[in-house]
Amino acid sequence: MFFLVGACIILALPLLVALFPQKERKEGRFWDLLANRTLKGVQLPHSAPALSMDAWWSGEFQRLATSFVGERFAFRELGIRLYNELLWTAFRKSYMARESVIAGEDGFLFENGYLYHLKGLSPKLSEFDLTRFVIDLAEIRDKLSERGIAFALLITPSKAIALEGKVPARFRLGAPPAEKRDYERIKPLLEKYGLPFVDGPALARSANRRLNGAIFPRNGTHWTGPLAALTADKLVETLRPQLQVAPSGLTLAGVKVDQKPTSPDDDLLLLLNLLRAREDDYVHAVIEPSGRTSGKKLTIVGGSFVHQLAAMYDEAGTWNNIVHYYYYKISKHTYPGGLIAPLDEDKIDWPSDFGDTSAVVLEVNESAFGWNHPKAFVAGIKRFLAAPSKAASTGDAAATTIVYSAQDWYGQETSRDEMWRWAKGDARIQVVNASPLPRRIRLEFNLLSFQDDRTIRIFSGGTMELARFQVSGSAPPSPQSIEVSLEAHETQTLRFSPSQPGKPPGGADQRLLAFAVHNLRLHDLRGVPDQHSVEFVGTEWFPREGTDSDWWRWAKGTAKITVEAPADKRLILQFQAVAHLRPKKLTLIQDGKQVWSGTITPDLRTTISEIFVPPGKRSTLQLQSDGQAEQAGDSDVRLIEFAVFNLTTTAIH
Amino acid sequence: MIFSSALFLFAYLPLFVAGYFATPIQWRNAFLVFGSVLFYAWTEPTFIFWALGSTLLDYWIGGRIAACEIKKKRAAWVGFGIAANIALLGWFKYSNFGYELISQLAASMGIALGKWVKVALPIAVSFIVFEKITYLVDIYRRDGSPARNLLDYVLYVFYFPKLLAGPIIRYKDIQQQIQQRHTSFDDLHDGAARFVVGLGKKVLIADHLGAFSDKVFATPLVDVTSSWAWLGVLCFTFQIYYDFSGYSDMAIGLSRMLGFRLNENFRFPYLATSITEFWRRWHISLSTWIRDYLYIPLGGNRCSKARNYLNLFLCFFLCGLWHGAAWPFIFWGVYQGALLMIDKLFWLKLHSRLPALANHLVASLLVCVGWVVFRSQSAEQIQTLLSRMFFLSRGTGDAPLWFSPDLTTVLLIAFVGALRPALPVISGWSIEQGTTSAWKMWIQSSALLALLLLSISRIATETFQAFLYFRF
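Residues numbered from 1 in each chain as written. Chains lettered and ligands numbered in written order. Predicted model: local features only at pLDDT ≥ 70, side-chain atom pairs only at ≥ 80, totals over all residues. Heavy atoms only, no water.

(A) Seen up close, the overall build of chain B. When helices and strands are tallied, chain B shows 18 helices and zero strands. In terms of overall dimensions, chain B is globule-like: its C-alpha atoms have a radius of gyration of 24 Å, near the 23 Å expected for 472 residues. Overall, chain B is about 70 × 65 × 65 Å in size when its C-alpha atoms are taken along their principal axes. When the 472 residues of chain B are sorted by exposure, 56% land in the buried category. Working note: accessible area of chain B is about 20700 Å², and carbon and sulfur atoms make up 68% of it. (Helix = DSSP H or I, 4+ residues; strand = E, 2+ residues; numbered from the N terminus. Rg over C-alpha atoms; globule rule 2.2 N^0.38 Å. Buried < 20%, exposed > 50% of the residue type's maximum accessible area, 1.4 Å probe, protein only. Areas by Shrake-Rupley, 256 points an atom, 1.4 Å probe, with all protein chains shown as cover.)

(B) Examining the overall build of chain A more closely. Scanning chain A from terminus to terminus reveals 16 helices and 33 strands. In terms of its C-alpha atoms, chain A occupies a principal-axis envelope of roughly 90 × 75 × 55 Å. Residues classed as buried in chain A amount to 49% of the 653 residues present. Across chain A, contacts joining residues at least 24 apart in sequence account for 71% of those joining residues at least 6 apart. Counting every atom, chain A has about 30000 Å² of accessible surface; 53% of that belongs to carbon and sulfur. (Contact = heavy atoms within 4.5 Å.)

(C) Looking closely at a nonpolar patch on the surface. On the surface, Met1, Val5, Ile9, Leu13, Leu16 and Leu19 of chain A together with Phe185 of chain B cluster together to form a nonpolar patch covering roughly 710 Å² of accessible area. Broken down by element, the nonpolar patch gets its largest block of residues, four residues, from helix α1 (residues 2-18) of chain A. (Patch = residues over 30% accessible without salt bridge, like charges linked within 9 Å, V, L, I, M, F, W, Y side chains within 5 Å. Salt bridge = Lys/Arg side-chain N within 4 Å of Asp/Glu carboxyl O.)

(D) A look at the layout of surface pockets. Residues and elements named next belong to chain B. Taken as a whole, the second largest pocket holds about 1300 Å³ of empty space. Every residue lining the second largest pocket is counted, 42 residues in all, and those nearest its centre are Val197, Lys201, Ile205, Ile413 and Leu451. In terms of residue class, the lining of the second largest pocket is made up of 25 nonpolar, nine polar and eight charged. (1 Å grid on protein atoms, 1.4 Å probe; cavity = no way out; pocket = protein on both sides within 12 Å on 5 of 7 lines; lining within 4 Å. Points joined across faces, edges and corners; volume = space filled by probe spheres on them. Nonpolar A, V, L, I, M, F, W, Y, C, P; charged D, E, K, R; others polar.)

(E) Structural context of the nonpolar core. Formed by 161 residues in total, the largest nonpolar core has its most connected members in Phe3, Phe8, Tyr270, Trp282 and Trp371 of chain B. For this core, the element with the highest residue contribution is helix α9 (residues 226-258) of chain B, accounting for 16 residues. Residue contacts for phenylalanine 8 of chain B: discarding those within four places in its chain leaves Met1, Ile2, Phe3, Leu13, Pro14, Phe39, Phe160, Phe195 and Leu254 of chain B. Among the nonpolar cores identified, the runner-up in size contains 47 residues, and Ala160, Leu250, Trp319 and Tyr335 of chain A belong to it. (Core = buried A, V, L, I, M, F, W, Y, C linked by side-chain atoms within 4.5 Å.)

(F) A look at the pattern of salt bridges. What the rule picks out here adds up to 49 salt bridges over all chains. Note that arginine 148 of chain B and aspartate 152 of chain B form a salt bridge whose closest N and O atoms lie 2.5 Å from each other. In this structure arginine 148 of chain B comes out as partly exposed when scored by relative accessible area, which is 48%. Connected through shared salt-bridge partners, Lys93 and Glu99 of chain A together with Lys215 and Asp406 of chain B make up one network.

(G) Region of the structure containing the packing of helix α6 (residues 150-158) of chain B against helix α7 (residues 171-179) of chain B. Residue and element names in this part refer to chain B. Orientation of α6 relative to α7, taken along the N-to-C sense of each, is 120 degrees, at an axis distance of 11 Å. Classified by the angle their axes make, α6 and α7 are oblique. Note that α6 runs across α7; the crossing there is right-handed. Residue-level inspection shows Asp152, Leu155 and Tyr156 of α6 in contact with α7, the latter providing Tyr171, Ile174, Ile178 and Gln179. (Axes fitted to C-alpha atoms, helices over the stretch in contact; angles between N-to-C directions. Parallel < 35°, antiparallel > 145°, perpendicular 65-115°, else oblique. Left-handed = near helix turned anticlockwise from the far one by under 90°.)

(H) Fine view of the sheet that holds strand β28 (residues 593-600) of chain A. All names here are of chain A. If you trace the five strands from one edge of the open sheet to the other, you get β22-β25-β30-β27-β28, paired in antiparallel fashion. If you trace the sheet from one side to the other, it starts and ends with β22 (533-537) and β28, each paired once. When the angles between neighbouring strand axes are averaged without regard to direction, this sheet yields 20 degrees. Looking at chain direction, strand β27 (residues 584-590) and strand β30 (residues 618-625) are connected through five bridges and run antiparallel. The partner of glutamine 590 across the bridge, within β30, is leucine 621. (Pairing = 2+ DSSP bridges.)

Dropping the structure here:
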């Protein structure tokens with residue numbers, strides 16, 4: 001009886017409480033736990049399910065309803081905290097945040113990503129990628145400098161590396177790692193290219209004694225206020241030589257210890273979502289501005305370490321304005337005030353925040369060089385800084401022309417500045433590259449379908465379908481585009497194939513009209529490697545496919561690439577390789593000598609990054625696999641074996 | 001909708017149980033059909049029509065078979081009914097796999113097949129089809145009578161507690177209970193207790209261990225060490241048992257609350273001392289189905305030895321295929337069939353001369369190896385994991401895997417629970433045993449409530465997997 005009554009109460013209570021709307025207005029710990037108000041961590045809640053026939057048949061309503069109830073039932077927070085408390089008390093184990101919080105020695109908490117990095121379990125950047133990253137930063141530094149803007153890289157420390165003695169024994173290294181970490185490998189490169197940077201990990205080591213070990217809080221993943229203050233001062237010092245009006249630094253006047261954490265001192269502890277509160281000592285910085293001069297504006301791109309830094313500058317009045325692009329494009333935080341706004345990448349205010357600022361700082365944690373935000377930011381700011389010369393690089397398709405097949409198309413018609421041609425059925429055009437260089441061309445055009453809706457498929461070389469467009473017979477012309485790659489002096493035939501043949505328009509017009517291509521224009525994307533002489537040699541290669549930023553070429557057998565390095569620079573080649581259908585062993589032979597061999601798979605791109613060509617030398621790279629060419633797909637009859645993706649070259653001294 | 005979801009526990013279950021007991025007895029079957037069809041339509045909003053249509057067809061065919069006195073004609077009707085059900089199963093469960101095989105064969109001959117739109121696999125289709133076949137075959141054999149009306153038959157097919165994971169029920173076993181049943185207070189109490197035990201088995205043991213075994217089976221093969229392979233396989237061995245038997249417990253418990261008594265589906269299979277015994281204890285409703293509707297009709301053991309072995313092998317090949325349309329399931333079925341043949345050939349004779357512990361260890365090892373085959377995604381994974389388990393190769397260990405103390409504890413509890421009858425101290429506390437001691441009942445009730453609270457806590461925790469901060 002006791003069990004049955006208890007079980008009925010437990011299972012029926014959430015439903016009964018759901019009928020009690022006042023719960024949202026009640027205050028106190030009990031009501032917090034009942035109404036699920038105080039769980040810590042970031043999770044996007046599911047929206048309320050809306051019942052409709054479509055939503056029901058697709059299962060969307062059921063999926064949303066399951067998530068909705070799962071996230072809102074009464075006492076959910078109590079349940080979560082109870083289970084976490086039990087596991088943590090008994091085993092020091094938490095399954096919160098996908099097991100990302102790990103208990104170390106003396107109650108120190110760590111985030112798993114930093115521990116994996118310490119142990120060498122996270123992927124490292126290749127020498128090529130690191131070098132290219134630094135070269136890109138140097139280019140950004142130079143371009144910003146031309147605009148009178150300072151630039152620095154801020155490397156922030158990892159708690160796991162700084163406090164290795166506190167990490168769980170299974171993550172400790174014991175001996176120095178066999179391979180150097182990204183941080184250790186990038187420092188000489190930064191020095192070589194004269195890039196201003198703040199060495200946060202070194203600063204943390206030197207501050208450890210001064211701060212009596214208080215460089216990271218026990219319960220948080222980020223640095224303490226005092227270490228953040230020392231780093232903030234060092235960053236100003238690093239930027240100062242590049243600034244016309246240099247701000248004063250800030251001085252760490254002292255530290256204050258209490259049991260009141262300030263965000264994010266206890267972020268990991270909060271993420272555990274335990275039932276009982278844990279008290280601990282927290283160290284806070286007491287800072288003083290060392291002068292009254294302020295800098296105009298600081299733009300920082302970086303992660304959550306920047307929050308404390310920006311708040312400290314704000315408090316000290318070091319900069320008039322600070323803009324923090326959080327992980328480059330998640331949100332924008334502005335100071336004074338610490339306003340947070342969601343960010344749309346397409347609406348980043350480049351001219352104001354990166355073109356009209358005193359300094360740009362990129363913050364990267366020592367364990368995060370391989371993360372996406374540094375790469376994405378570098379690509380974004382390079383585009384912005386290259387913008388003035390952008391006009392010269394587009395629209396130049398003089399070396400490329402279009403030839404309409406006279407038997408397939410009716411004559412050109414024009415009206416003001418518009419022009420079009422009708423076709424009665426399958427119709428071919430030839431794209432001619434008269435240039436001695438390979439070209440990537442984008443064809444932009446509008447499609448019209450006569451009277452009926454039609455599907456218009458575009459084939460290259462007779463069989464390979466490049467694109468398929470649904471064109472309405474009643475709607476205005478629909479803008480479309482396709483991209484094609486052309487080797488030097490190559491002509492490629494494109495066939496437009498409508499799903500229905502043409503119809504007579506009536507009256508005196510005897511033509512049969514199926515579809516029209518309207519305002520066809522060419523854009524030379526110059527996407528094929530053109531900085532250095534790279535040539536895909538022979539007939540084993542199929543034409544380039546993909547987009548400007550992600551392209552590939554399939555090979556049907558042993559295939560060759562020739563590369564010529566500039567007279568005064570060494571060339572590094574990087575590309576990715578993928579096998580067709582099944583894993584294959586790929587061997588790379590450079591000028592008769594095997595330089596790489598490994599297994600490539602159909603699912604994952606294998607990066608091959610350390611192919612060097614000495615200055616002034618022309619080198620031949622032969623790619624051969626142990627597999628056989630197989631049909632590309634159901635409707636693609638090409639026989640293919642492997643593909644090379646995104647081949648790039650970088651010249652280095 | 002799974003039993004271990006908040007939606008089922010806090011919305012569907014209380015509303016359904018309250019509605020069921022508030023409904024007059026003569027309308028309860030109709031209410032049960034309504035609740036069951038809603039339950040199934042919730043998960044399979046489109047397939048429900050196929051299932052309902054096929055159920056109507058079976059009901060009609062069942063009537064024809066029952067009415068027909070000519071055996072040949074009866075055989076034709078039952079053949080038609082079975083073919084219709086197998087076609088349903090074949091299309092929804094095996095057509096993608098069949099297309100894959102045919103397209104590979106065609107590609108090897110240089111023929112490219114046209115595009116294929118993948119067929120979605122509806123849940124419970126395997127269970128539903130097997131049950132529908134038993135209905136027709138039992139009527140054909142004059143071993144059971146047809147349903148007295150369509151409502152009874154729809155209730156049998158769609159009865160929601162057994163829909164997701166069995167047990168496979170025969171109509172003749174439940175026919176009387178559909179027509180007339182009574183729920184006592186003890187039924188309610190014991191049914192609820194069994195449900196809570198099943199929920200705990202699924203949520204606290206199977207899901208907990210499953211999280212680790214999933215990681216091991218997802219780790220790149222080059223990194224998997226011998227210890228990880230063993231721990232991953234052990235975790236999966238207990239995960240699959242506690243998951244499956246937990247679901248069966250929940251089905252049996254819910255049914256008991258509604259006045260139905262379903263047959264047991266598991267009888268401590270990891271106590272088995274041979275593979276033959278294992279199959280008498282594991283997924284009993286499936287193994288008896290295979291025995292009664294496949295093995296015996298094929299000739300069973302009343303034929304030549306060679307034919308008997310072939311029958312056995314064929315049954316378990318199909319058993320593997322029933323579990324899923326993928327090569328590892330087929331390998332697993334073949335493996336089980338081969339072991340049963342070895343048992344019959346000589347092992348069971350040798351077995352009686354060996355100590356029970358040795359037999360138990362050998363059987364357990366063979367079962368574990370079988371689970372490697374069952375859980376793997378490819379032949380390469382099977383080969384690598386087995387070679388790591390038996391120290392024939394080494395992994396790098398370069399993966400973020402850690403067998404934490406909580407997993408050790410849960411694994412230990414799982415081990416003790418699976419071998420409970422062999423441990424008298426613990427088996428005395430089993431709820432199935434019953435007790436008249438007031439203090440023992442109080443402790444059992446408290447433990448069950450704690451188990452329910454803990455299970456709900458874990459279910460709640462699964463709904464909250466927040467990040468520390470938003471990241472790129």
